[in-house]
Amino acid sequence: MSKNLNNREYYNNRELSWLMFNYRVLEESMDKSNPLLERLKFLAITASNLDEFYMVRVGGLKDQEFVEYNIPENKTQLTPNEQLAEISKLNKKNCINTYKQFHILMDELSEHKIHFTRPDELPKSLQGELESTFDSEIFPTLTPLGIDAYRSFPKLMNKKINIYVDLSNETSEQIAIVQLPSVLKRFYEFKESGNTFIVMTEDIIEKFVYKLFNGYKIERTFSFRITRNADQTIHEEGALDMLVEIERFLKEREKGVAVRLEIDISKFKKINGSFLRNSLALTKDDVFKYDGPLDLTFLFELVSRYKNKLNHLIFKPFYPQVPKFLGQQNIYDLALEKDIFFHHPYESFQPVVDFIEQASEDPDVYAIKQTLYRVSSDSPIIQALKNSSANGKQVTVLVELKARFDEENNVQWAKELEDAGCHVIYGINYLKTHSKITLVVKKVKDELVSFVHLGTGNYNDSTAKLYTDMGIITTDKEIGRDAINFFNYLSGYSSKPEYKSLLVAPYDVQDKLVEFIDREIEIQKAGGRGYIFAKMNALTDKRLIKKLLEASMAGVKIDLLIRGICCLRPNIEGVSDNITVRSIVGRFLEHSRIYYFRNNSQEEIYLSSADMMTRNMLKRVEIMFPIKDVEVQNEIKEIMDIFLKDNVKTRIGQNDGSYKYVETTGKKVNAQEMLLKRALKNTELIQIENANMSID
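A brief report on the enclosed structure follows. What you are looking at is a predicted structure, and each value in this text was computed from that prediction instead of being measured.

A separate point is the overall build of the protein. When you go through the protein residue by residue, the secondary structure sums to 18 helices and 27 strands. A globule of 696 residues ought to have a C-alpha radius of gyration of about 26 Å, and the protein, at 27 Å, matches this closely. Here the protein holds 696 residues, and the buried ones make up 57% of them. Roughly 30,600 Å² of accessible area belongs to the protein as shown, and the carbon and sulfur atoms make up 48% of that amount. In the protein, 94 side chains carry a positive charge and 101 a negative one; their mean positions are 3 Å apart.

Encoded structure:
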């Protein structure tokens, strides 16, 4: 009996699945095997993630609701209004747990003589210092904003902390707002007898706010915070200069309408918030009341402040190791012999930087071409590209100006590269270029050779220490020719190339994945053993989900390792009971994308910059690249096996959309810890091999 694969029961809603993921991040703050300061950092990550979710995803749904766009989304058939209601309900549960955990961790931190303290709880001996701090450092920066018939509700900045003040005198009751200026610290430290007391800046202001309102009595104060819609439109049509359009967009984004109101009710539990809610045109579902300080991202700074003093409360330091496939050899010489594989952050990202820096100085290098999506604030790669141009090489760089929340940085990099003489491309109309590719054209023995780096992650030396990503450097002739055609297509005017090895979105990646899944179905039906392993950040594309469900119904075994959103519900009898969904959330952010197909033992492995998301398949320029080198294939399969054996950080997706920790039986296996140890062991073997070579 055939199944209707449009049945909403087979799918998770994208937004609710994301909230489930963010709860898994929150769970890391609850995991006592993580050091205390790292647990605090996971709380900060949870808060930061949620800010972006509201600015972008909820902001987009709010826009749909505003224009009365009531068409249901294509998987769970929820309308924008229904999604917003479900988001609010689930997020309020998550936030209760977030603040419960915050107080637990603050109690644990106090055991190390660092106390999260309200102003009135400070020792009497420190009260004078507290008031002096307010008078000298805080008071001069504050501007009270009265609200009455002559002064309308102010345009408050996105994500900034504000103090709401109810005040009165003998003749009237008034309302005022005091915003925390950006120049102020988020918290202050006061020390006595070996103890450090942390006091939030907004709490200090609330204690002494009466100094701003002479002649008035302060009836009540509380802090609040507004999140604004950042899902604005970049108007590409008719934009003569994309740099100018992006700069206009950045200014407009700060003015977006409010989508969330957060209120600290730790002092006054019965705050209604109706005045703020009505002034901001929000509903009750948009209001979140917390028993604690707003914007827990301040914990990033707190952890940074104390990680050296309390270094036993952070993860044991790990330094990225020498890549196993490179050793101490010259990257260009070795690439002529075989493909070089990298696995970051276990293996150092520095050789990828060296790859570009060496090319910038090599007189035999004629051209360097690269795509950039997100780079670090002091990127050595940018400097190498500028040097390359100064040394007379042809340098072409596609800088994606539409990389969300990196637009401002990328505008600056684009200007610097242009000033240095590089040819800069701003991307393609209506598509984000998310590909990670570098092409170096070098003369080797009177022949021009294409050296190509392809990766799953950004050319960002900072995030390469935190995100798990994979990449290769190859001189494969087909891939080299494809790389040349890819960059010529981006920079000039030509029809889409016919690629020999690379698969390039939009469309081609999705079409090929469907083809590969169909092949496993046919193999299974013919009596073979169909098998698919796919590791990605998110799975949302309905065409691919339906194809995976078809494969499961045909008996194909499927292992999905998905860090974040998964819109496919596994383990539904007769539909998805051959699919296992795993999510690993741990010390490093799982970012690599691996697509493996058994193909009747003629295995095919692809790495990619693309997740199985509709935006990646149809709205971005992405690359999926084959792993041709058998040695590299075996390495990736070993890594896949380690992931599948993890029974410490793995959660298993359930058929109701929830996740549960995998049952731990036998020896504990933490995949990320095992890969760390593996990288250290590989470095030791490389050192022994080099020592033996020197003796010989």
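This next bit is on the side chain of D362. Structurally, the position occupied by D362 is in the loop between α10 (350-361) and β11 (365-372). Relative accessible area serves as the criterion here: at 17%, D362 is assigned to the buried category. In this structure D362 touches K393 and K442, once residues within four positions along its chain are discounted.

Moving on, we come to the sheet that holds strand β4 (residues 173-179). The 6 strands are arranged β2-β4-β3-β7-β8-β9 in an open sheet whose pairing can be described as mixed. With partners counted over all chains shown, the strands left at the sheet margins are β2 (144-147) and β9 (287-290), one partner each. Averaged over all neighbouring strand pairs, the angle between strand axes comes to 30°, with direction disregarded.

Quick look at a nonpolar patch on the surface now. A cluster of nonpolar side chains, F66, V67, Y69 and I71, forms an exposed patch at the surface whose accessible area comes to about 480 Å². By the element assignment, I71 lies in the loop between α2 (36-66) and α3 (80-110). Look at I71 and you get partly exposed, because its relative accessible area is 49%.

Let us now look at the packing of helix α11 (residues 380-390) against helix α12 (residues 407-419). Their axes nearest at 9 Å, the elements α11 and α12 cross at an angle of 20°. When the axes of α11 and α12 are compared, the pair comes out roughly parallel. Like other packed secondary-structure pairs, α11 and α12 cross with a definite hand, here right-handed. Of the residues in α12, those touching α11 at I382, L385 and K386 are W413, E416 and L417.

Turning our attention to the packing of aromatic side chains. For the structure on display, the rule yields 22 aromatic pairs. Pairing W18 with F21 gives two aromatic rings, centres 6.3 Å apart and planes at 70°, and the pair type is edge-to-face. With a gap of 3 residues between them, W18 and F21 both fall in helix α1 (residues 14-30), about one helical turn apart. Relative to F102, the ring of Y99 has its centre 6.3 Å away and its plane inclined at 55°; by these criteria the two rings are tilted. With a gap of 3 residues between them, Y99 and F102 both fall in helix α3, about one helical turn apart. Accessibility assignment for this pair places Y99 and F102 in one class, buried. Sitting over the ring of F208, K207 keeps its end group 5.6 Å from the ring centre. Sitting over the ring of Y54, R260 keeps its end group 4.7 Å from the ring centre.

When you line up the elements, Q633 lands in helix α17 (residues 630-645). Measuring from C-alpha to C-alpha, the distance between Q633 and I605 comes to 6.9 Å, with 28 residues separating the pair along the chain. A polar contact of 2.8 Å, which involves the side chain of Q633, links it to the backbone oxygen of I627.

Applying the stated criterion to the full structure yields 47 salt bridges. For K89, the salt bridge goes to E86, with nearest N and O atoms at 3.5 Å. Within this pair, K89 and its partner E86 are both found in helix α3, separated by 3 residues, close to a single helical turn. Its relative accessible area of 30% is what places E86 among the partly exposed residues. Its salt-bridge partner being R519, residue E604 comes within 2.9 Å of it at the nearest N-O pair. Residue E604 is located in strand β24 (residues 604-608), and its partner R519 is located in helix α14 (residues 508-525); the two are separated by 85 residues in the primary sequence. The network of salt bridges with common partners includes E27, E28, D31, K649 and R651.

Bringing the nonpolar core into the picture now. Judged by nonpolar contacts, the single largest core of 111 residues is most densely connected at L299, L539 and L560. It is α2 that contributes the most residues to this core, 12 residues altogether. Excluding its chain neighbours within four sequence positions, the residues that come into contact with L299 are L40, L43, A44, F102 and M106. By size, the runner-up hydrophobic cluster in this structure holds 84 residues, among which are L401, L454, F588 and F643.

To continue, consider α17. The end-to-end C-alpha distance of α17, which contains 16 residues, comes to 23 Å, matching closely the 22 Å that a straight helix rising 1.5 Å per residue would cover. Those residues of α17 that sit buried are V632, Q633, E635, I636, I639, M640, I642 and F643. Capping of α17 at its N-terminal end is provided by D629; its side-chain oxygen lies 2.8 Å from the backbone amide nitrogen of E631.

In this fold, N34 is placed in the loop between α1 and α2. N34 gets classed as buried once you look at its relative accessible area, which sits at 5%. For N34, the side chain forms a polar contact with the side chain of K649, separated by 3.4 Å. Setting aside anything within four residues of it in sequence, one finds N34 in contact with E28, R39, F42, F315 and K649.

Quick look at the sheet that holds strand β6 (residues 195-200) now. Remark on secondary structure: sheet strands pair via backbone hydrogen bonds, oriented parallel or antiparallel. The 3 strands are arranged β1-β6-β5 in an open sheet whose pairing can be described as mixed. The open sheet has two edge strands, β1 (114-116) and β5 (187-192), and neither has a second partner. Neighbour-to-neighbour, the strand axes of the sheet open up by a mean angle of 25°, direction not taken into account. Of the strand pairs in this sheet, β1 and β6 are connected by 3 bridges, and their pairing is parallel. Looking at the pairing, F116 lines up with I198 of β6. Here helix α5 (residues 201-208) sits on the sheet and contacts β5 and β6; the angle it forms with β6, its principal contact strand, is near 70°. Contacts between helix α8 (residues 298-306) and the sheet are confined to β1, β5 and β6, with β5 contributing the most and set at about 35° to the helix.

Within β24, 4 of the 5 residues are buried, which leaves the element mostly enclosed by the surrounding structure. Sheet analysis places strand β23 (residues 593-597) next to β24, joined by 5 bridges and oriented antiparallel. Looking at the pairing, R593 lines up with S608 of β24. Hairpin geometry of β23 and β24 is characterised by an intervening segment of 6 residues between the two adjacent antiparallel strands and by a positive phi of about 55° at N599. Two strands pair when backbone bridges link them, and β24 and strand β25 (residues 620-626) are joined in this way by 3 bridges, in the antiparallel orientation. By the bridge assignment, Y606 is partnered in β25 with P626.

Criteria and cut-off values
- Residues numbered from 1 in each chain as written.
- Predicted model: local features only at pLDDT ≥ 70, side-chain atom pairs only at ≥ 80, totals over all residues.
- Heavy atoms only, no water.
- Helix = DSSP H or I, 4+ residues; strand = E, 2+ residues; numbered from the N terminus.
- Rg over C-alpha atoms; globule rule 2.2 N^0.38 Å.
- Buried < 20%, exposed > 50% of the residue type's maximum accessible area, 1.4 Å probe, protein only.
- Areas by Shrake-Rupley, 256 points an atom, 1.4 Å probe, with all protein chains shown as cover.
- Lys, Arg positive; Asp, Glu negative; His and termini not counted.
- Charge placed at Lys NZ, Arg CZ, Asp CG, Glu CD.
- Contact = heavy atoms within 4.5 Å.
- Pairing = 2+ DSSP bridges.
- Axes fitted to C-alpha atoms, helices over the stretch in contact; angles between N-to-C directions.
- Patch = residues over 30% accessible without salt bridge, like charges linked within 9 Å, V, L, I, M, F, W, Y side chains within 5 Å.
- Salt bridge = Lys/Arg side-chain N within 4 Å of Asp/Glu carboxyl O.
- Parallel < 35°, antiparallel > 145°, perpendicular 65-115°, else oblique.
- Left-handed = near helix turned anticlockwise from the far one by under 90°.
- Phe/Tyr/Trp six-rings, centres within 6.5 Å; stacked < 30°, edge-to-face > 60°.
- Lys NZ or Arg CZ within 6 Å of the ring centre and 35° of its normal.
- Polar contact = N/O pair within 3.5 Å; in protein donor to acceptor, adjacent residues only side chain to side chain.
- Core = buried A, V, L, I, M, F, W, Y, C linked by side-chain atoms within 4.5 Å.
- Expected span 1.5 Å × (residues − 1).

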